[in-house]
Amino acid sequence: MLTKAPRGTKDILPDEINKWQFLESEFRKICDIFGYKEIRTPTFEHTELFLRGVGETTDIVEKEMYTFNDKSGRSLTLKPEGTAACARALIEHKLYNQSLPLKLYYIIPGFRYERPQAGRLREFHQFGVEVFGSDNPAIDVEVIGLAMMFLKGLGLEDLDLRINTLGCSKCRGNYREALKNYFSFKKESLCDTCRTRLDRNPLRILDCKNDDCKQILGESPKILDFLCDECKDHFEKVKRLLYSLKIDFTVDPMIVRGLDYYTKTVFEIISKDLGAQNTICGGGRYDGLVEECGGPHIPAAGFGMGIERLINVLENRGLLNLPQKGVDIFLVVMDEEGFETAYKLLFELRGKGLSAEIDYMNRSLKGQMKYADKLKAKFAIIVGEEEIKNNFLTVKDLSNGEQRKLNDKDLFEFLFNNIRKGCC
Ligand code: ATP
Ligand code: MG
C-alpha cells in the first residue's frame, strides 16, 4: 500500500515530463492565438454543483464521483470535469458583465471512479476551453476549429470529427419521448444499465457500448427529425462554417455525450487507432447550464480533451519523440580544493542563466566524464590543480573534443557566444 499509488492514478515521472510540458505549452500557445484566457478553479467544489451542472442521471454523477464530507460535514466532490466549475466561477464573479464573449481555457486534473484501463484513469488530465455569452453557431465552430488546429499542429492528420445536435430543451423533450416509446417495445434487448436509463435518460442508450443495445439502434428515431426551425438552422450554419474552413466531419446521430447540459451542437474527435477509448476530445454547446447553476441565461460552448489519451495517440504514431534537453556545462573537478573553486563557478554560471552541473558523488575523472555525457553536456570545464595555480580554466567542447585554455574574463564571453547562439 505504502509504496503503490492508488488504483487508476499515475505518476508522471521526470523522464516523461517533457512531453507534458511540451503539450501544455502548445495548448497555451493556441489558446493565446485564439484569444482565450486561462482560468484556474479549485480541485474540489460543492457536490451540489455537479448534481446540478453535470446532471443527476449521468454516469458521472450516478457512479463516478469522488465525493466526501469534510470535517464540518460539507459534501465536497473532486472535479470530474471542468465546465461546471467555470460556470460557477462565471456566476460568482459576475464575469458575464465583462465584454462578451468570455473565452476561457484550463488544464486540470479530473477525477472519476471508473474501471481503470488503457486511456481510462481515476485521476486523468484535460485541456479544456469554454466560451460564454454567445449563441452564434460560429462559436461552436471556433471551439471545434481550435481543437482541430491544435491536434493537426501536433502532426495528427487522420482524425475523425463527428458532430451531432441535441436540439434545445423543446426538441430534446419531444425526442426523449419518442426514444422512450421506441425502446420500451425493445426492453428485453437492452442491457441492465440501459433498462434503468429508459425512464431517466433514454438518450444515453444511444451511446451504449453493449452489442445487444447497439443492434437495436439502427431504426431508433433520429434527433434530426425532431429539430425545431431554430435548432435546424443553427446546425445548418455549423455545418456550413465547417465546410468553409475545410474541416472534414461526419454527422453522427448517435453522439449524445455523457453530460446532461449539452444543447444543440455536440461533437467528438476520435483517433482511428486508439482502440476502445478512442475519443480524444468531446464537447459542444450548453446553453442551459449557467441558468441551471443559478445564474442568468448565458449561452455557452466548449470542449474537454483527455491529455493521457492524446499522449497515447501521439506516441503510437511516433509524434512525440522530443529531444532530451542537455545541460550547458559540466564542471569536472580533480580534488577537494578544485571543488570549492568549481562550486563557486557553478553558481556564477547559473547566475548568468547558463545551466551547469557538478559531481556530488565523488566520481573518478572518468566517471565524471561519463556522467557529463549522460547529462548531454555541451561543454566541460576542467578545474584541476594546474588550472587553479595558473588562474585559467580548460574548456572542452564535448561535441568535437576541442580544448582551449581560457581566463575568467574570456570564459564567459566564449560560453555566451557558443552556447546561447547554438542552442536558442
Ligand atoms: P469517454 O466515455 O470516452 O470516457 P466521456 O464522455 O466520459 O468520454 P468527457 O466527460 O466528455 O468524456 O471528457 C472529455 C475527454 O476527457 C474525453 O474525451 C477523454 O479524452 C477524457 N476522459 C474522460 N474520462 C476519462 C478517464 N476516466 N480517463 C482518461 N481520460 C478521460
Ligand atoms: Mg466517461
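Residues numbered from 1 in each chain as written. Chains lettered and ligands numbered in written order. Predicted model: local features only at pLDDT ≥ 70, side-chain atom pairs only at ≥ 80, totals over all residues. Heavy atoms only, no water.

Trainee: Honestly, the overall build of the protein in this entry has me stumped. Any pointers?
Mentor: Looking only at helices and strands, the protein features 15 helices and 16 strands. By the compact-globule yardstick of 22 Å for 424 residues, the protein is too spread out, its C-alpha radius of gyration being 28 Å. Dimensions of the protein along its principal axes, counting C-alpha atoms only, are 95 × 50 × 45 Å. Counting all 424 residues of the protein, 49% fall into the buried class. (Helix = DSSP H or I, 4+ residues; strand = E, 2+ residues; numbered from the N terminus. Rg over C-alpha atoms; globule rule 2.2 N^0.38 Å. Buried < 20%, exposed > 50% of the residue type's maximum accessible area, 1.4 Å probe, protein only.)

Trainee: Would you mind going over the environment of Glu142 with me for this structure?
Mentor: Counting through the fold element by element, Glu142 comes out in helix α5 (residues 137–153). For Glu142, a relative accessible area of 21% gives the class partly exposed. Each C-alpha atom, one on Glu142 and one on Arg120, is 28 Å from the other, the two residues being 22 residues apart in sequence. Filtering out sequence-adjacent residues up to four positions away, Glu142 remains in contact with Phe34, Tyr36 and Lys103. (Contact = heavy atoms within 4.5 Å.)

Trainee: Looking at this structure, I do not really get the domain arrangement of the protein. What am I missing?
Mentor: Accessible area lost upon the coming together of the parts serves often as the stated size of an interface. For the protein, the assigned domains are domain 1 (17–168 + 228–316) and domain 2 (329–417). Computed from C-alpha atoms alone, the centre-to-centre distance between domain 1 and domain 2 is 50 Å. (Domains from an automatic or database assignment.)

Trainee: Explain the sheet that holds strand β13 (residues 356–358) to me, please; I cannot follow it from the model alone.
Mentor: Picture the strands of a sheet paired through backbone hydrogen bonds; they go either parallel or antiparallel. Read across the sheet, 5 strands follow the order β13-β12-β14-β15-β16 without closing on themselves; strand pairing throughout is mixed. Each end of this open sheet is capped by a strand with a single partner; those strands are β13 and β16 (403–406). On average, adjacent strands in this sheet sit at an angle of 25 degrees to one another, irrespective of strand direction. Pairing analysis gives 3 bridges linking strand β12 (residues 329–333) to β13, with the strands arranged parallel. Paired with Ile329 across the two strands is Ala356, which belongs to β13. Against the sheet, helix α13 (residues 365–374) touches β12, β13, β14 (379–383) and β15 (393–397), its axis set at about 175 degrees to β12. (Pairing = 2+ DSSP bridges. Axes fitted to C-alpha atoms, helices over the stretch in contact; angles between N-to-C directions.)

Trainee: What exactly am I supposed to notice about the site of ligand 1 here?
Mentor: In the vicinity of ligand 1 lie 16 residues, with Arg112, Glu114, Arg120, Leu121 and Arg257 positioned nearest. Measuring from an oxygen atom of ligand 1, one finds a side-chain N or O atom of Gln126 at 3.0 Å. The contact in question runs from an oxygen atom of ligand 1 to an N or O atom on the side chain of Arg309, over 3.0 Å. When isolated, ligand 1 has an accessible area of 580 Å², and the protein chains bury 90% of it. Looking at the shell around ligand 1, the elements that each hand over two or more residues are β6 (123–132), β10 (279–285) and β11 (300–306). It is β10 that provides the largest number of residues to the shell around ligand 1, a total of 4 residues. Looking at the shell around ligand 1, its residues break down into 5 nonpolar, 6 polar and 5 charged. (Near = heavy atom within 4 Å. Polar contact = N/O pair within 3.5 Å; in protein donor to acceptor, adjacent residues only side chain to side chain. Areas by Shrake-Rupley, 256 points an atom, 1.4 Å probe, with all protein chains shown as cover. Nonpolar A, V, L, I, M, F, W, Y, C, P; charged D, E, K, R; others polar.)

Trainee: Would you explain the UniProt feature "binding site: L-histidine" (unreviewed entry) in the protein in this entry?
Mentor: Sites flagged by UniProt as "binding site: L-histidine" (unreviewed entry) map to Glu81, Gly82, Thr83, Arg112, Gln126, Glu130, Arg257, Tyr261 and Tyr262. Secondary-structure assignment places Thr83 in helix α4 (residues 83–92). With near-sequence residues (within four places) excluded, Thr83 lies in contact with Tyr106, Glu130, Tyr261, Tyr286 and Leu289. Looking at the element boundaries, Tyr262 is found in the loop between β8 (250–251) and β9 (263–271). Those residues in contact with Tyr262, other than ones at most four positions away along the chain, are Leu166, Arg172, Arg257, Gly282, Gly283, Gly284, Arg285 and Tyr286. (UniProt positions renumbered as here; feature names shortened; annotations may be inferred.)

Trainee: I tried to follow unusual backbone geometry on my own but got confused; where do I start?
Mentor: Note: most residues except glycine have negative phi, and most peptide bonds are trans. Cis rather than trans, the peptide bond between Leu100 and Pro101 has omega equal to 0 degrees. One non-glycine residue with positive phi stands out, namely Asn391, at about 60 degrees. Here Asn391 shows up in the loop between α14 (385–390) and β15.

Trainee: When you look at the pattern of salt bridges in this model, what are you seeing that I'm missing?
Mentor: Summed over all chains, the structure comprises 27 salt bridges. Measuring nitrogen to oxygen at the nearest pair gives 2.7 Å for the salt bridge that ties Asp359 to Arg363. (Salt bridge = Lys/Arg side-chain N within 4 Å of Asp/Glu carboxyl O.)

Trainee: Sorry, what's going on with the packing of helix α1 (residues 17–33) against α5 here?
Mentor: Geometry of a packed helix pair, given as the angle between the helix axes and the separation of the axes. Viewed as axis vectors pointing N to C, α1 and α5 meet at an angle of 140 degrees, and their least axial separation amounts to 10 Å. Taken together, the axes of α1 and α5 are oblique relative to one another. In terms of crossing hand, the pair formed by α1 and α5 is right-handed. Two secondary-structure elements touch here, α1 through Leu23, Glu26, Phe27 and Ile30 and α5 through Leu146, Met149 and Phe150. Per-class residue counts for the contact of α1 with α5 are 6 nonpolar, no polar and 1 charged. (Parallel < 35°, antiparallel > 145°, perpendicular 65-115°, else oblique. Left-handed = near helix turned anticlockwise from the far one by under 90°.)

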